[in-house]
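# Per-entry structural report
Each chain, written out:
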Amino acid sequence: MILGMKKKAKISAKNRPIKTSKKKPVTITTLKAYDHSALEKKWQQKWATKKIYKSVEDTKKPKYYVLDMFPYPSGEGLHVGHPKGYIATDIVSRMKRMQGYSVLHPMGFDAFGLPAENYALKTKTNPIDSVAKNVKRFKEQLEIIGLDYDWSREINTTDPAYYRWTQWIFLQLLKKGLAYESYEPINWCPVDKTGLANEDVENGRCERCGAVVEKKLMRQWVLKITDYADRLLNDLDAKSDPEITKSADSEIGSLDEANEKKALLDWPESIKEAQRNWIGRSEGAEIDFRLKFDDNKSRFVLLHGFQGSAQTNFLPWLKAELEKRGHEVEAPEMPNSMNPTEAEQVAYVLANCHFDENTVVVAHSLGCVVAMKTIMRLEKPISSLVLVAPAVDPMFDKHYATRPFSKSFSWDYNYSFIRSQTNGRITILSDRAETYRAKYLKFLAGKLSAKLIETEAEEEHFCSLQEPEILKAVTPAVTVFTTRPDTLFGVTYMVLAPEHPWVQTVLPQLRNKHEVIEYITKSKLETEIERTDAKKEKTGVELKGIKAVNPANDEEVPVWIADYVLADYGTGAIMAVPAHDDRDAEFARKYNLPIREIELENRDDMIHKYGRSIVKYKLRDWVFSRQRYWGEPLPIIHCDKCGIVPVPEKDLPVKLPRVKSYQPTGTGESPLTAISAWVNVKCPKCRGKARRETNTMPQWAGSSWYYLRYEDPKNKKALVDRRKEKYWSPVDLYIGGAEHATRHLIYARFWHKFLYDIGVASTIEPFIKLQSVGLIMGEDGRKMSKRFDNVVNPDEVVKRFGADTLRIYEMFMGPFDQQITWSTDSMVGSRRFIEKVWKLAIRASSAAAFGSPAKLASRTRKVLRSGQEESSDLTISARSDSPRTAEISADDALTRILHKTIKKVTEDIVALKFNTAVSSLMIAVNEMEKSPTVSREQFELLLKLLAPFAPHIADELWAAFGNKKSIHISEWPQYDPAQLQDDEVRIIVQVNGKVRGSFMAAKDTSNESLESSAKSLDEVQKWLDGKAIRKVVVVPNRLVSIVV
RNA sequence: GCCUGGGUGGUGAAACUGGUAGACACGCAACACUUAAAAUGUUGUGAGCAUUAGCUCUUGUGGGUUCGAUUCCCACCCCAGGCACCA
């Protein structure tokens, strides 16, 4: 047994009175051996039955919300590293409660997601059961550490009563257009058989299992976190004034003023920086480079609109411009323009124009209907189609039903055929001023998979004689993104990503088609890891047969494809400036492309003249569906007739069915698909046959808002009651692992801002102060893991040393946010400290007056034996006829030390510097041991300061001194500033910068007097040695520095 | 490559706005108590030279500012973390 402490604790009932200065004589329990096990258990039970940690919305008190990142209850239980953060919040929470705050310090469990599901698969238990078991085990482990959670507020993300609101939030996101179905290729983990968000991928591997992720094209639900990118970024540096409730989205006042305001978020710089990097904002410009074909065979067909002709609007101008560029242009004069019919006009166009693979059809207004109907009757595909402000389907606008042509034209298109006849190259130009057209054009663009360009026409509906936007749209151009528009004159070539859509477009016209196809195929075979390896030598192929035209100087530059250009960042195309970019330079040298040094232009001028400014983010929308069983079902119903139908809010929660087989399918559908009784439902809108969405939410969903639920955990009518939310929010202190910097902490901020926007949350940020916990490593220096067999179990440590010792040790180990190695051997120091406190109390309870220590006796004995009479005040005070003076001055000294300790401990807890707080407590205890007298007040004061750190022993001794109510609801001590100053200070004397002596002086002694005292010291005289003094610096109460 | 932290005894670490570097604790050594061990207590403990006084060196390295630098400035090395062919 450690330290020989094993006797059963017997708090003897033998009571006796003790005299104290203020109070009436009270009873003090005689203390015996310190037995942590019995004592800690006793107090944990007492706290629970008395409910002293219950959180109440008391409007008369200030509030303090302190939060832990809630645990994921894995099957392995807690190791000794987990409680470190919990102990820290517990200490803060206990002090704040004693300081008179109404404290909210809750705990719950985050249990949906892959780890629980994989564990369940491995152990062949249903996750519902294994989670319940694991939660129970976690709670037991937490309880023995003596944490002051209000368990009546416990939550669990897998509880339908909880995830009902997770689903509710999703529905609100859907309502606001922030949740959408997408068919883009996404990250897919082949081992876990599910799609992943960007945040779940680390260096091209699945963050959970380490498998290399693949790109997979599949249907998925996505949340538009990118809409919040700017706010997520800006609010990291928001100022706390103006009020917390106002977003820093807008301007941040004048600079000098802003500097004075405190930052709203008190977060570690590293985490803020990680988020900034992750959001990855860059300001730059988009610049269009026209493509020019060596062998120019494009032929244009221009189709005018209702009441128009080939001679009206922009048509003559456009024809001339295109002919200037060497194209052949046909602009038929369609019959009966004032009262047209579809049959007549289509027939006319078919008969009078030439259509082949090089034909580009440009149509305006009603001409667009003619164009599409014509294309539907062609046998062979054409090059591309440009629709300028197409006529609106009367279905979308009643006004159109009365137009003269509405009966003689039909809007009944074969969209997919048109798509294939144009090789998917369709552009729709929309004039922003024509708002009534917008909805239809969006619909049309969706049906045709067309590129929709919303722009400003020179005249409404593109009726001006010159419409440059149309010329831009019809002349093939590639848009590049650059952050260096000032280098535009240095462009010597252009590079497209191999996946760039334009590569497919121009492929038929290339002279080295096969070489290009081969390169594309090869780069597709590479994994993301191989492709994005910056050390790899760059490769590429020139697209022979086309050139890009630099808009700044009309220079024609070669066009290449190369896989160092990424398809999914910027526009997937770059302008290469080898003289000013290392990567371009490397590529240019390899392929002998020109490198041109230029003088930089003014950035803004260049953007204004040749492009448009734009902001790009690395942040991607949040892929929100998982093809797995163990998650919140997405509350969506798919109806053949009505399409995507949200589950009505009154029908929430959509409960996850209990199933026998939840093995992932790997097909891109979740195992829920097989549960036909659950999947097949009636459409809430039309009552027809419909199917439930079978994808589930990712693990991060439930944790993105849980802190709000603690404020009102049982509410059945709302996510959180408005009044309670206002009272508790925001979280004042949030402690957890730094590994959540770019996952949980970004997602939660995103959801919080959304909830703020819809009026659920009242603050722009959820967590005001954030602190990350440093990991505790195994004794072998590696991460604690079953795999390395280096896990230290807190239960065993508590059994051997007690929870109070564990708590003190974990706080004393080192700076809180620093990674540190566990050492069971080092725990004795903390244990000794606790025992010293215990012994001090024994000294108190076993003496008639609190001031004749056993130690004093032994010291006295020793002093007597060695015969060194003069050495100790103690001896004198113990034996002197008038011990009072010595005792009083010792008493004063101790009081002063205690006041310093109050200050230090209080400030250190606020600053989360627990290691130095413990150290100052140790200093205080050491001083008490040495002091000949310790008053009851002094000892109780120490107990209060100790209470947050070692709550069990503190309450035990507090009660032993006759206090009826728990120490944890007593009042936190305050220090007297007058007591912090010593009457005498040590003055250091330096000669030529070296310390040569010191002396004591009364506080605030004058500079002159200090100087002369310093000079008169023997050890100083030695160094002065009659030399001329060149300079003397005196710092009051500190030092005298003499230069010779 | 860019960004953010950090580098102090045998070990974990302290150090206010530039003012005695190494608080507090572990370990180690000696002593006391003990038949003995453990526990406890006392004393010592950055390195080197002298070992009595004392002197010199020392906060990753090299410079600088200053009466004085772990602290401020410049350059560099190393460690941890974030981002990364992001144009």
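Cut-offs applied
- Residues numbered from 1 in each chain as written.
- Chains lettered and ligands numbered in written order.
- Predicted model: local features only at pLDDT ≥ 70, side-chain atom pairs only at ≥ 80, totals over all residues.
- Heavy atoms only, no water.
- Helix = DSSP H or I, 4+ residues; strand = E, 2+ residues; numbered from the N terminus.
- Rg over C-alpha atoms; globule rule 2.2 N^0.38 Å.
- Contact = heavy atoms within 4.5 Å.
- Axes fitted to C-alpha atoms, helices over the stretch in contact; angles between N-to-C directions.
- Parallel < 35°, antiparallel > 145°, perpendicular 65-115°, else oblique.
- Nonpolar A, V, L, I, M, F, W, Y, C, P; charged D, E, K, R; others polar.
- Pairing = 2+ DSSP bridges.
- Near = heavy atom within 4 Å.
- Polar contact = N/O pair within 3.5 Å; in protein donor to acceptor, adjacent residues only side chain to side chain.
- Buried < 20%, exposed > 50% of the residue type's maximum accessible area, 1.4 Å probe, protein only.
- pLDDT = per-residue confidence, 0-100.
- Arc of directions from axis to C-beta.
- Phe/Tyr/Trp six-rings, centres within 6.5 Å; stacked < 30°, edge-to-face > 60°.
- Right-handed = clockwise from strand over helix to strand, strands pointing away.
- 1 Å grid on protein atoms, 1.4 Å probe; cavity = no way out; pocket = protein on both sides within 12 Å on 5 of 7 lines; lining within 4 Å.
- Points joined across faces, edges and corners; volume = space filled by probe spheres on them.

## Here's the deal with the overall build of chain A
Secondary structure assignment for chain A yields 35 helices and 39 strands. Against the 2.2 N^0.38 benchmark of 31 Å for 1044 residues, chain A shows a C-alpha radius of gyration of 39 Å, more extended than a compact globule. Dimensions of chain A along its principal axes, counting C-alpha atoms only, are 130 × 85 × 50 Å. Within chain A, residue pairs in contact and separated by at least 24 positions form 75% of the contacts whose partners lie at least 6 positions apart.

## Focus: the packing of helix H2 (residues 83-98) against helix H26 (residues 803-812)
A packed helix pair is summarised by two numbers, namely the angle formed by the two axes and the spacing between the axes. H26 packs onto H2 with a crossing angle of 100 degrees between their chain directions and a minimal axis gap of 10 Å. Relative to H26, H2 is oriented roughly perpendicular. Contacts between H2 and H26 pair Pro83, Lys84, Ile87, Ala88, Asp90, Ile91 and Arg94 from the former with Arg807, Glu810 and Met811 from the latter. Of the residues that constitute the contact of H2 with H26, the class distribution is 5 nonpolar, no polar and 5 charged.

## Section: the sheet that holds strand E7 (residues 179-182)
Taken together, 3 strands build an open sheet; the order of strands is E7-E13-E27 and the sheet is antiparallel. Edge positions in the sheet fall to E7 and strand E27 (622-623), since each has one partner strand and no second. Note that strand E13 (residues 220-223) and E27 share 2 bridges and pair antiparallel. Looking at E27, one finds that Val222 is bridged to Val623.

## Regarding the protein's contact with RNA strand B
Among the 58 residues in the neighbourhood of RNA strand B, the closest are listed as Thr483, Lys538, Arg583, Met813 and Gln818. Interatomic distance of 2.5 Å between a side-chain N/O atom of Glu273 and a sugar or linking oxygen of RNA strand B. Here Asn926 contributes a side-chain N or O atom positioned 3.0 Å from a phosphate oxygen of RNA strand B. By residue class, the composition of the surface near RNA strand B is 23 nonpolar, 16 polar and 19 charged.

## Overview of the pairing of strand E23 (residues 540-549)
The buried fraction of E23 is high, at 8 of 10 residues. As paired strands, strand E14 (residues 282-293) and E23 are joined by 4 bridges and run antiparallel to one another. Each bridged residue has a counterpart across the sheet, and for Leu291 the counterpart in E23 is Ala548. Where E23 meets strand E24 (residues 556-562), 6 bridges bridge the pair, whose relative direction is antiparallel. Looking across to E24, one finds that Glu542 is bridged to Trp560. What sits between E23 and E24 in their antiparallel hairpin is a turn of 6 residues, with Asp554 showing a positive phi close to 55 degrees.

## Digging into the confidence of the model for chain A
Looking at chain A as a whole, its pLDDT mean stands at 86, while 90% of the residues score no less than 70. Ignoring residues within four places in sequence, the model shows residues 1-26, a span with pLDDT below 50, making 48 contacts including any to other chains. Segment residues 242-260 is flagged for pLDDT under 50; beyond a separation of four residues in sequence, or across chains, it makes 25 contacts in the model. Two numbers describe this predicted complex: its pTM, 0.83, and its ipTM, 0.95.

## Re the side chain of Gln345
You can see Gln345 is positioned in helix H10 (residues 342-352). Every residue in contact with Gln345, bar those within four places of it in the chain, is listed here: Met334, Pro335, Asn336, Ser337, Pro340, Val370 and Phe409.

## Examining helix H8 (residues 269-279)
Side chains three or four residues apart in an α-helix point the same way, a direct result of the helix having 3.6 residues per turn. Every buried residue of H8 is accounted for by Ile271, Lys272, Gln275, Arg276 and Ile279. Buried residues in H8, looked at end-on, bunch into an arc of 140 degrees, giving them a common side.

## Some points on the packing of aromatic side chains
This model, assessed by the stated rule, comprises 45 aromatic pairs. Here the aromatic rings of Phe170 and Trp221 are separated by 5.7 Å at their centres, their planes lie at 80 degrees, and the arrangement is edge-to-face. You can see Phe170 sitting in helix H5 (residues 160-175) and its partner Trp221 sitting in strand E13, a full 51 residues away along the chain. The same class applies to Phe170 as to Trp221, namely buried. Consider the rings of Tyr493 and Phe587, whose centres lie 5.8 Å apart with planes at 25 degrees: the pair is stacked. Remark: Phe587 occurs in helix H19 (residues 582-591) and Tyr493 occurs in strand E22 (residues 493-496); sequence separation between them is 94 residues. Judged by its relative accessible area of 0%, Phe587 is buried.

## A few points about the pairing of strand E33 (residues 767-773)
Regular strands show a simple pattern: their side chains alternate between the two faces of the sheet. Counting buried positions over the 7 residues of E33 gives 7, a clear majority of the element. Looking at chain direction, strand E32 (residues 731-737) and E33 are connected through 6 bridges and run parallel. Within E33, the position partnered with Leu733 by the bridge is Lys769. Between E32 and its parallel partner E33, the chain crosses via helix H24 (residues 744-757), and the hand of that crossover is right-handed.

## Here's the deal with empty space enclosed by the protein
Counting across every chain of the model gives 3 cavities of 30 Å³ or more. Estimated volume of the largest cavity: approximately 200 Å³. Taken together, 19 residues line the largest cavity, and the ones lying closest to its centre are Leu114, Asp200, Arg626, Pro698 and Gln699. Put simply, the parts of the chain that give the lining of the largest cavity at least two residues each are helix H3 (114-123) and strand E9 (194-196). At 3 residues, the largest contribution of residues to the lining of the largest cavity is made by E9. Per-class residue counts for the lining of the largest cavity are 7 nonpolar, 6 polar and 6 charged.

## Here's the deal with the sheet that holds strand E36 (residues 984-991)
Two pairing modes exist for strands in a sheet, parallel and antiparallel, and in both the strands are linked by backbone hydrogen bonds. Read from one edge of the open sheet, 4 strands run E37-E36-E39-E38, paired in mixed fashion. Because the sheet does not close on itself, it has two edges, and the strands there are strand E37 (994-1002) and strand E38 (1031-1035). Strand-to-strand twist of the sheet, defined as the mean angle between neighbouring strand axes without regard to direction, takes the value 15 degrees. Sheet topology note: the E36/strand E39 (residues 1039-1043) ladder contains 4 bridges and is parallel. Residue pairing for E39: Val989 is matched across the bridge by Val1040. Helix H34 (residues 1007-1016) contacts E36, E37, E38 and E39 of the sheet and is inclined by roughly 120 degrees relative to E38.

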